[in-house]
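Structural description and commentary
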Amino acid sequence: NGAGTVTVATDDTRTPDGDVILIAAGSNPTAAKFNVAGAPDATYVITLSGSIPITNGTEEMKVFNFKSNPGGTGTLNNSGNQELKVGASLDVQPNQAPGVYTGKFEITVQYE
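Residues numbered from 1 in each chain as written. Predicted model: local features only at pLDDT ≥ 70, side-chain atom pairs only at ≥ 80, totals over all residues. Heavy atoms only, no water.

Further remarks concern the nonpolar core. Counting residues in hydrophobic clusters, the biggest one holds 11 residues: Val-6, Val-20, Ile-52, Ile-54, Met-61, Val-63, Phe-66, Val-86, Ala-88, Val-92 and Tyr-101. Only β5 (52-56), β6 (59-69) and β8 (81-92) provide two or more residues apiece to this core. For Val-6, the residues in contact, after removing those within four places along its chain, are Arg-14, Thr-15, Pro-16, Val-20, Leu-22, Ala-88, Ser-89, Leu-90 and Val-92. With 6 residues, the next largest nonpolar core counts Ala-42, Ile-46, Leu-76 and Leu-84 among its residues. (Core = buried A, V, L, I, M, F, W, Y, C linked by side-chain atoms within 4.5 Å. Buried < 20%, exposed > 50% of the residue type's maximum accessible area, 1.4 Å probe, protein only. Helix = DSSP H or I, 4+ residues; strand = E, 2+ residues; numbered from the N terminus. Contact = heavy atoms within 4.5 Å.)

Laid out in C-alpha cells, this is it:
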C-alpha cells in the first residue's frame, strides 16, 4: 500500500526503498540480458532509455534510472561476444493496482 521504488540491479538483486514491501512468492525478477556480437575485441558505446512508462490497462508506473553492466562502454571478447545486462528502478505509487505491467525500453550499442 505504500509508495517508493524497487530497483533491480545488473547483478539481479532487487532492493526496495520507501514503504514498498517485497513479497517472496512468485517469480524472481532479473536484469534484462543481451548478447552483443561483432568483431573480436571491438569496443562499443552503450546508450540506454531515460524514463519509460509501463502500463496495465489504464494503470501506469514509471521505470527509470537504467544502468548497464558493462556501463558506458563494452569490449567484445576474442570470440566477438559479450553479455550485456540492464537493470532499472520502478516507481511505485500508494495503492498501486496489482497486475502485469508491460512496456518497452531502448538500448543502443554503437561500435567505435
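The subject of this paragraph is unusual backbone geometry. A negative phi angle characterises most non-glycine residues, just as the trans form characterises most peptide bonds. Residue Pro-70 is reached from Asn-69 by a cis peptide bond, and omega for that bond is 5°. Look at Asp-12: it is not a glycine, yet its phi comes out positive at around 75°. Structurally, the position occupied by Asp-12 is in the loop between β1 (4-8) and β2 (14-18). The exposure class assigned to Asp-12 is partly exposed, which follows from its relative accessible area of 29%. For Asp-41, which is not glycine, the phi torsion reads 65° and is therefore positive. Tracing the sequence through the fold places Asp-41 in the loop between β3 (32-37) and β4 (43-48).

Quick look at the pairing of β2 now. In this sheet, β2 lies alongside β1 in antiparallel orientation, the contact comprising 5 bridges. When the sheet's bridge partners are listed, Val-8 is paired in β2 with Arg-14. Between β1 and β2, which pair antiparallel and follow one another directly, the connecting turn spans 5 residues, one of which, Asp-12, has a positive phi of 75°. (Pairing = 2+ DSSP bridges.)

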